[in-house]
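Chains, contacts and geometry: an overview
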Amino acid sequence: MRRMILGGILVLILALTGCEKQEGENLSPAPQDEPAEKEEQPAADIASGLDSFEFAVGDRVCRLPASFGEMAEQGWAYGEDTTAKVEAESFLEEQEFSLGDYVCRAQVMNFSAEAQPVQQCFITAVMLRQDEKNQIALPGNLILGEATKVQALEQYGEPRDQYEDGDRILFTYEYGIQKKAMLTFQADTEILLEAELYNQTNPAERELYENASREKTPEVEQYQAPAALSDDLMDFTVEYADSLYRLPAPVSAFTDNGWEIDWESSDEAVKSGKYGYVTLQRGTQSLYTVVCNYGEDVTAVNNCFVTGVHGDLAATKVPIRVAGGITLGMPKQDFLAAVEGMKWEESSGTQENSLSYLFYQEGSRDNYTEVILDQDLEMIREIKVVHFREEKGEER
């Protein structure tokens, strides 16, 4: 009996000793390291408009185009060969730049007529991606990885182009021939993931463009609109939104007929013999097209010449009629009767169940009229007219 009592006491002592050990030591599994959270960073002092071409990493704000010196002042380091040269009026793609532990790719451009060391060139484009440690901001302080498609639309307006590709949605904003921005969103969450900003304007020519005259040039003064549509497609007369033009036609001829220039989405000025873009609007109708400056000096875009117009039944919905009375909605048999005896090239259209008829000017594939038929409805769904004035020394 005594042995049993002593044994019980011993078990009790061992049990109590075990309890004391558990209280003194933490036997639960050690907690796993959690991913480092992005430090909360103050909002960058950044512009509101996407056409400013500003971006920020943390509180470091840059504006494109930027010189190497301007990037260095913000702490950016170039990750490629600093002794390399860039050919005249050319650029290098996919160049690495870093700010602390954030790395992005960029475009380096040489605006000079001679080859230049890379460090004397300009950064004209950047490819930005969301980052776990750094806050990457676009104008209006839209943060990559946080901002939504709805917020982008509210801040920047409707994009020039929008399409969905698998699990991504891509917005494209264009601000003339040398400036654009592309935003990529996750399709299911509509979260902004990536941004590409391009501004290839030459800083040295900024003053030249700002001082460009808006007074009518001699070339604009000499232009005369046709009194009626021609019977020949190669005369490039067109009735567009109920007004007559002969292409190429001055931008001012369109504004005289009620169209307005969307300056935010157009080139402000164009150099002699060069090309640019203009966006013309009239109510809900919009025309985005290539223009050319046929004058001898740099001039405002309103003095440039529209080289192409188009109309369709789905998107632009601008009434258009060309030689022979060919117009949108015209039955196929009437169209074929109107072009009987003419030469054309026929191919499948870019849209499903469409057929393209291309009427080229003899000796030039730059100047043409294109008529697109809807094969299901057997009628014209789209018309496009393009004509560049050919001149000696004109740069294409």
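To start, this report covers the structure provided alongside it.

Digging into the packing of aromatic side chains
As enumerated under the stated definition, the model contains 19 aromatic pairs in all. Considering the side-chain rings of Tyr245 and Phe254, the 4.0 Å spacing of their centres and the 5° angle between planes classify their relative orientation as stacked. The exposure classification of Tyr245 matches that of Phe254, with both residues buried. Measuring from centroid to centroid gives 5.7 Å for Trp344 and Tyr357, while their planes differ by 65°, and the two rings are edge-to-face. Of this pair, Trp344 sits in the loop between helix 7 (332-338) and strand 28 (345-348) while Tyr357 sits in strand 29 (residues 354-360), placing them 13 residues apart in sequence. Taken together, the ring pairs connect Tyr156, Phe171, Tyr173 and Phe185 into an aromatic cluster. Looking at Arg389, its charged tip hangs above the ring of Tyr294, at a distance of 4.2 Å from the centre. Seen from the ring of Phe305, Arg389 lies directly overhead, with NZ or CZ sitting 5.5 Å from the centre.

Things to note about the pairing of strand 13 (residues 168-174)
The buried fraction of strand 13 is high, at five of seven residues. By the bridge criterion, five bridges tie strand 12 (residues 161-165) to strand 13 in an arrangement that is antiparallel. Counted as the bridge partner of Asp161 is Thr172 from strand 13. Counting the residues that bridge the hairpin from strand 12 to strand 13 gives two residues, and of these Gly166 lies at a positive phi of roughly 65°. As paired strands, strand 13 and strand 14 (residues 179-186) are joined by seven bridges and run antiparallel to one another.

Considering the state of the cysteines
Applying the stated criterion across every chain, the model contains zero disulfides. Summary of cysteine pairing: Cys62 is not part of a disulfide, and the nearest cysteine sulfur, belonging to Cys104, is at 8.9 Å. The exposure class of Cys62 is buried, given its relative accessible area of 5%. Of all cysteine sulfurs in the structure, the one in Cys292 sits closest to Cys304, which takes part in no disulfide; the separation is 7.3 Å. Cys304 gets classed as buried once you look at its relative accessible area, which sits at 0%.

Observations regarding the sheet that holds strand 26 (residues 320-322)
On the basis of which strands lie adjacent, the open sheet formed by four strands has the order 17-16-26-27 and antiparallel pairing. The open sheet is flanked by strand 17 (243-246) and strand 27 (326-327), the only strands paired with a single partner.

Notes on the nonpolar core
Formed by 49 residues in total, the largest nonpolar core has its most connected members in Tyr240, Phe254, Val309 and Phe335. Contact partners of Val309, with chain neighbours within four places excluded, come to Val238, Tyr240, Leu247, Phe254, Leu287, Ile320, Ile383, Lys384 and Val385. In terms of nonpolar packing, the next biggest core, distinct from the first, is built from 41 residues, Tyr173, Ala181, Phe185 and Ala187 among them.

Side note on the sheet that holds strand 28
An order of 25-31-30-29-28 is seen for the five strands of this open sheet, with the pairing classed as antiparallel. Two strands in the sheet have a free side with no partner beyond their single neighbour: strand 25 (308-312) and strand 28. Direction aside, neighbouring strands of the sheet carry axes that sit 20° apart on average. Strand direction decides the pairing type here: strand 25 and strand 31 (residues 379-386), joined by five bridges, are antiparallel. Bridge assignment links His310 to a residue of strand 31, and that residue is Lys384.

A closer look at the environment of Arg105
Along the chain, Arg105 falls in strand 7 (residues 102-110). The spatial distance from the C-alpha of Arg105 to the C-alpha of Arg129 is 9.7 Å, given a sequence separation of 24 residues. Setting aside residues up to four positions removed in sequence, Arg105 forms contacts with Glu80, Glu94, Gln95, Glu96, Ala125, Val126 and Met127. A polar side-chain atom of Arg105 sits 3.1 Å from the main-chain carbonyl oxygen of Glu94.

Focus on the side chain of Thr172
Locating Thr172 in the fold gives a position in strand 13. By relative accessible area, which is 10% here, Thr172 ends up buried. Here Thr172 is in contact with Pro159, Arg160, Asp161, Ala181 and Met182, once residues within four sequence places are set aside.

Conventions used here
- Residues numbered from 1 in each chain as written.
- Predicted model: local features only at pLDDT ≥ 70, side-chain atom pairs only at ≥ 80, totals over all residues.
- Heavy atoms only, no water.
- Phe/Tyr/Trp six-rings, centres within 6.5 Å; stacked < 30°, edge-to-face > 60°.
- Buried < 20%, exposed > 50% of the residue type's maximum accessible area, 1.4 Å probe, protein only.
- Helix = DSSP H or I, 4+ residues; strand = E, 2+ residues; numbered from the N terminus.
- Lys NZ or Arg CZ within 6 Å of the ring centre and 35° of its normal.
- Pairing = 2+ DSSP bridges.
- Disulfide = S-S within 2.5 Å.
- Core = buried A, V, L, I, M, F, W, Y, C linked by side-chain atoms within 4.5 Å.
- Contact = heavy atoms within 4.5 Å.
- Axes fitted to C-alpha atoms, helices over the stretch in contact; angles between N-to-C directions.
- Polar contact = N/O pair within 3.5 Å; in protein donor to acceptor, adjacent residues only side chain to side chain.

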